[in-house]
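A structural walkthrough
Listed below are the residues making up each chain.
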Amino acid sequence: MATASPLPMPMSQLCRAVTEWVESVRALTQPAEVQWCEGSAAERDGLIARLVREGQLLRLNPRHFPNCHLYRSDPGDVARVEHLTYVCTRSKADAGPNNNWLDPQAAHAKMRELFRGAMRSRTLYVIPYCMGPLDSPFARCGVEITDSAYVALNMLIMTRAGRAALERIERERTFVRGLHSVGELDPERRFIMHYPEELAIESFGSGYGGNALLGKKCHALRIASWQARAEGWLAEHMLIVGLRNRRGETHYLAAAFPSACGKTNLAMLIPPDSLPGWEVFTVGDDIAWLHPGADGRLWAINPEAGYFGVVPGTNRRTNRNAFEMIRRDTLFTNVALTADAQPWWEGLPAGTPQTDWRGRPYDPARGPAAHPNSRFTVDARRNPACSPQLNDPHGVPLSAIIFGGRRRELAPLVYEARDWAHGVLVGASMASQSTAAATGEVGVIRRDPMAMQPFCGYNFADYWRHWLEVGARLRQPPRIFHVNWFRQDSQGRFLWPGFGENLRVLAWMIERCAGRADARDGRIGLLPHPAGIDTRGLSLEPETLRALLAVDVPLWRQELAETRAYLGQYGERLPQELLHELDRSAAALAR
Ligand code: GTP
Ligand code: SPV
Ligand code: MN
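All values derive from a computational prediction rather than experimental measurement.

Conventions adopted
- Residues numbered from 1 in each chain as written.
- Chains lettered and ligands numbered in written order.
- Predicted model: local features only at pLDDT ≥ 70, side-chain atom pairs only at ≥ 80, totals over all residues.
- Heavy atoms only, no water.
- Donors = N, O, S within 2.8 Å, 3.2 Å for Na, K, Ca; no water.
- Helix = DSSP H or I, 4+ residues; strand = E, 2+ residues; numbered from the N terminus.
- Buried < 20%, exposed > 50% of the residue type's maximum accessible area, 1.4 Å probe, protein only.
- Pairing = 2+ DSSP bridges.
- Salt bridge = Lys/Arg side-chain N within 4 Å of Asp/Glu carboxyl O.
- Axes fitted to C-alpha atoms, helices over the stretch in contact; angles between N-to-C directions.
- Polar contact = N/O pair within 3.5 Å; in protein donor to acceptor, adjacent residues only side chain to side chain.
- Contact = heavy atoms within 4.5 Å.
- Expected span 1.5 Å × (residues − 1).
- Parallel < 35°, antiparallel > 145°, perpendicular 65-115°, else oblique.
- Left-handed = near helix turned anticlockwise from the far one by under 90°.
- Nonpolar A, V, L, I, M, F, W, Y, C, P; charged D, E, K, R; others polar.
- Domains from an automatic or database assignment.
- Buried area = accessible area lost by both parts, 1.4 Å probe.
- Phe/Tyr/Trp six-rings, centres within 6.5 Å; stacked < 30°, edge-to-face > 60°.
- Core = buried A, V, L, I, M, F, W, Y, C linked by side-chain atoms within 4.5 Å.
- Near = heavy atom within 4 Å.
- Areas by Shrake-Rupley, 256 points an atom, 1.4 Å probe, with all protein chains shown as cover.

**Thoughts on the coordination of the manganese ion (ligand 3)**
The manganese ion (ligand 3) binds to the protein through Lys-217 (NZ), His-237 (NE2) and Asp-286 (OD), with metal-donor distances spanning 2.2 to 2.4 Å. In the primary sequence, the donor residues of the manganese ion (ligand 3) line up as K-x19-H-x48-D. On the criterion of sequence distance, the pair formed by Lys-217 in helix α8 (residues 215-231) and Asp-286 in the loop between β15 (279-284) and β16 (288-292) is long-range, its members being 69 residues apart. Exposure remark for Lys-217: the relative accessible area of 6% places this residue in the buried category.

**Here we look at the pairing of strand β17 (residues 298-301)**
Relative to β17, β16 runs antiparallel, the two being bridged by four bridges. Bridge pairing in β17 places Leu-290 opposite Ala-300. Remark: five residues form the turn of the hairpin made by β16 and β17, two consecutive strands paired antiparallel; Gly-296 in that turn has positive phi of roughly 80°. Sheet topology places β17 next to strand β23 (residues 396-404); two bridges connect them, and they run antiparallel. Bridge pairing in β23 places Trp-299 opposite Pro-397.

**What about the pattern of salt bridges?**
Tallying each qualifying case throughout the model produces 39 salt bridges. Here Arg-446 makes a salt bridge to Glu-82, at a shortest N to O gap of 2.8 Å. Of this pair, Arg-446 sits in strand β26 (residues 445-447) while Glu-82 sits in the loop between β3 (69-71) and β4 (85-87), and the two are 364 residues apart along the sequence. Ionic contacts of the salt-bridge type, sharing partners, join the residues Lys-216, Lys-217, Lys-263, Asp-286 and Glu-304 into one network.

**As for the sheet that holds β3**
Spatially, the five strands line up as an open sheet ordered β2-β3-β19-β22-β18, and their pairing is mixed. In this open sheet, the two edge strands, each paired with only one partner strand, are β2 (57-59) and β18 (306-310). The average undirected angle you get between the axes of adjacent strands in this sheet is 25°. When β2 meets β3, the two strands line up antiparallel, connected through three bridges. Residue Arg-59 lies in a different strand from β3, and its bridge partner there is His-69.

**Digging into the side chain of Gln-453**
By the element assignment, Gln-453 lies in the loop between β26 and α12 (460-472). Look at Gln-453 and you get buried, because its relative accessible area is 17%. Within polar-contact distance, the side chain of Gln-453 engages the backbone oxygen of Asn-98 at 3.1 Å. Leave out the neighbours within four places in its chain, and Gln-453 touches Asn-98, Arg-446, Arg-447, Asp-448, Phe-460 and Tyr-566.

**A closer look at α8**
Spanning 17 residues, α8 covers only 19 Å between terminal C-alpha atoms, well under the ideal 24 Å at 1.5 Å per step. Counting buried residues in α8 gives 14 out of 17 residues, a clear majority hidden from the surface. Taken from the residues just after α8, Gly-232 is the one with a positive phi, measuring 90°.

**Considerations on the packing of helix α2 (residues 41-53) against helix α5 (residues 149-158)**
Across the interface, α2 lies against α5 with an axial gap of 10 Å and an inter-helix angle of 150°. Classified by the angle their axes make, α2 and α5 are roughly antiparallel. Remark: the crossing between α2 and α5 carries left-handed chirality. Between α2, through Glu-43, Arg-44, Leu-47, Ile-48 and Leu-51, and α5, the contact on the second element is made entirely by Ala-149, Tyr-150, Ala-152, Leu-153, Leu-156 and Ile-157. Among the residues forming the contact of α2 with α5, the class breakdown is nine nonpolar, no polar and two charged.

**A closer look at α5**
The buried fraction of α5 amounts to ten of the ten residues, a majority that puts the element mostly inside the structure. Of all the positions in α5, only Ala-149, Tyr-150, Val-151, Ala-152, Leu-153, Asn-154, Met-155, Leu-156, Ile-157 and Met-158 are classed as buried. The backbone nitrogen of Tyr-150 lies 3.3 Å from a side-chain oxygen of the residue at the head of α5, namely Ser-148.

**Focus on the domain arrangement of the chain**
On domain assignment, one finds that the chain holds domain 1 (14-56 + 84-231), domain 2 (236-306 + 387-589) and domain 3 (307-377). The distance between the C-alpha centroids of domain 1 and domain 2 comes to 31 Å. The interface is formed by 35 residues belonging to domain 1 together with 32 residues belonging to domain 2. Summed over both partners, the interface of domain 1 with domain 2 buries about 2,800 Å², with 56% contributed by carbon and sulfur atoms. At the surface where domain 1 touches domain 2, the tally comes to 21 residue pairs in polar contact (both at pLDDT 80 or more). Elements represented by at least two residues in the side of domain 1 that touches domain 2 include exactly α3 (92-95), β6 (123-131), α5 and α8. With eleven residues, the top contributor of residues to the side of domain 1 that touches domain 2 is α8.

**A look at the packing of aromatic side chains**
For any pair of aromatic rings, the description rests on two quantities: the centre-to-centre distance and the angle between the ring planes. Applying the stated criterion across every chain, the model contains 22 aromatic pairs. Aromatic pair Phe-460 and Tyr-463: ring centres 5.5 Å apart, planes at 50°, arrangement tilted. Here the residue Phe-460 and the residue Tyr-463 both occupy positions in helix α12, the gap between them amounting to three residues, near one helical turn. Accessibility classification places Phe-460 together with Tyr-463 in one group, the buried group. Between Phe-481 and Trp-508 the ring centres are 5.9 Å apart and the planes differ by 75°, which places this aromatic pair in the edge-to-face class.

**Concerning the packing of helix α15 (residues 553-568) against helix α16 (residues 576-590)**
In contact at an axis separation of 10 Å, α15 and α16 are set at 160° when each is read in the N-to-C sense. Between α15 and α16, the interaxial angle falls into the category roughly antiparallel. Pair α15 / α16 crosses with left-handed handedness. Across from Val-553, Trp-556, Arg-557, Leu-560, Thr-563, Arg-564 and Leu-567 in α15, the residues of α16 making contact are Leu-582, Asp-583, Ser-585, Ala-586, Leu-589 and Ala-590. Tallied by class, the residues present in the contact of α15 with α16 amount to eight nonpolar, two polar and three charged.

**Concerning the nonpolar core**
Ranked by size, the top nonpolar core spans 133 residues in total, and within it Ile-401, Phe-403, Trp-464 and Trp-467 carry the most contacts. Broken down by element, the residue count for this core peaks at eight residues, all from α5. Of the domains in this structure, domain 1 (14-56 + 84-231) and domain 2 (236-306 + 387-589) are the two that each give at least three residues to this core. When neighbours within four sequence positions are excluded, Ile-401 is seen to be in contact with Met-238, Ala-254, Leu-290, Leu-298, Trp-420, Trp-467, Pro-478, Arg-479, Ile-480 and Phe-481. In terms of nonpolar packing, the next biggest core, distinct from the first, is built from 34 residues, Val-25, Trp-36, Val-126 and Val-143 among them.

**Concerning the site of ligand 2**
By nearness alone, 13 residues border ligand 2, and Arg-80, Tyr-208, Gly-210, Lys-217 and Ser-259 come closest of all. One of the side-chain nitrogen or oxygen atoms of Arg-80 is found 2.9 Å away from an oxygen atom of ligand 2. In this structure, His-237 approaches ligand 2 through a side-chain N or O atom, which is 3.3 Å from an oxygen atom. Relative to its free-state accessible area of 280 Å², ligand 2 is covered by the protein chains to the extent of 98%. Counting residues per element, the ones that place at least two in the shell around ligand 2 are α7 (209-212) and α8. A class-by-class count of the residues in the shell around ligand 2 yields four nonpolar, four polar and five charged.

As structure tokens, then:
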């Protein structure tokens, strides 16, 4: 006789540790109801329907953008708030000069008062999630509690969320606790607190991306970097891309560029027609977790399952893959609208904005139509170049690591570090022009080591030591390069065409990794000869390429002096080896 299959256990009873935590948060925040997120498509549709009904989401033109929606943030809540983001370790020195710090007990007390009664008449969403493939030994789980349906929807796209994640938590008995409330969106009552020693996050007063989607920067970088140090791996602000060349070899590269400096675009680049035979596979566009493998190589997984990408600048010419990807099943945040409810942003060659990102009639006198940090949220599987390795539990082996920034001058198009230790110095010396991804002035040069200034959950001096130690364990370490796609002439025009053409630089790196390309000693590192960059089919003046590959020695001497002063802030904790590398570089430039 057939027996009826038992009903699945309600999620609220699956894992006691999670249930107890949810209960304690419920008692503190007093929500009207609690909703556990299963992770199904029907649930996603239900959240969207609810947000549309409440007027928080706008359905976009279904003929051109099927199942796409627009969300408008509060105008004062459109970027990460680094000055309100804290790392709360017992010892202040563990957070380092690179982080804002508060004593954990003081921070908890402050946050408890903010959260008290904060969810009255709201729904409390419980989102168990897994960062990394569900069956990966490198994946790590968390639970986000939020009172924002928009945040819940984003988390369901950006992570592997729902019942399966909760089942893994029940097996592992450990998870990161992320508590979030939008509060009243009052910037005076807004804080993003991290407690790495407790695997906990408390975020109040913002609904924006990196402040509120706690699986992303808060967990997968700040908390994970702390765990990674204890466990011997690295959590990095890096894209991961696979490139198959004409010989049929596939190389995987990881690249750390600061926020809004080109990771998403490089991760899904389209080879130019004049470089036939190449194929590109995106593994990740923002975060990479790197593990030394038993084979002595460094292996990378992408902990995320979706992209939260910059919209402006995306078009058929710069990034056709992204352009195709965001034409359906996409959540837009803070873009403009055309008269027929199509999304519009700066960089599109056609269409006219009628309504700006704030929902007002568009008036160019008030600034851009789309917010410069407007974003799309989309499932990674929508990317035409998505790598089949996205779900590989062991990840992909890296041939190279790339650092880069947005530098109008100084940094050449590309150079290679002498070895791993020099590469760590190259990463630690990174600086870049600030962008709209964080609040504050845009376009000013600031230090951003390894593109982790806003995201490293502990003292940078300890972090660089950890990088040196990880490298020492690798028998086949990835080669380390530095790139700059953003050199400008005196009129402010970019010298390098960028986007798909960046493959020409990656191709040189791959030839270096395969031992087939030579390089010259450029004193700051190894540079290609101009002939080493394949410029066939590209209209680039030979003198422009020479300028892109030139090293201005007096300027670099000054840069090194500034780097020395910057690293000096880290005092005694700074690894001697890094200072030694700095001396070697200074000696090379003094010749
Ligand atoms: P986050 O999501 O903030 O971490 O940013 P990201 O590093 O993924 O940056 P993204 O690829 O979204 O690029 C940000 C901006 O830089 C977009 O407006 C792009 O159009 C522009 N951009 C990307 N790559 C290039 C390039 O090679 N050259 C030039 N000139 N601009 C680029
Ligand atoms: C970044 O700012 O680096 C982003 C967007 O990738 S956020 O999720 O807000 O961090
Ligand atoms: Mn980022």
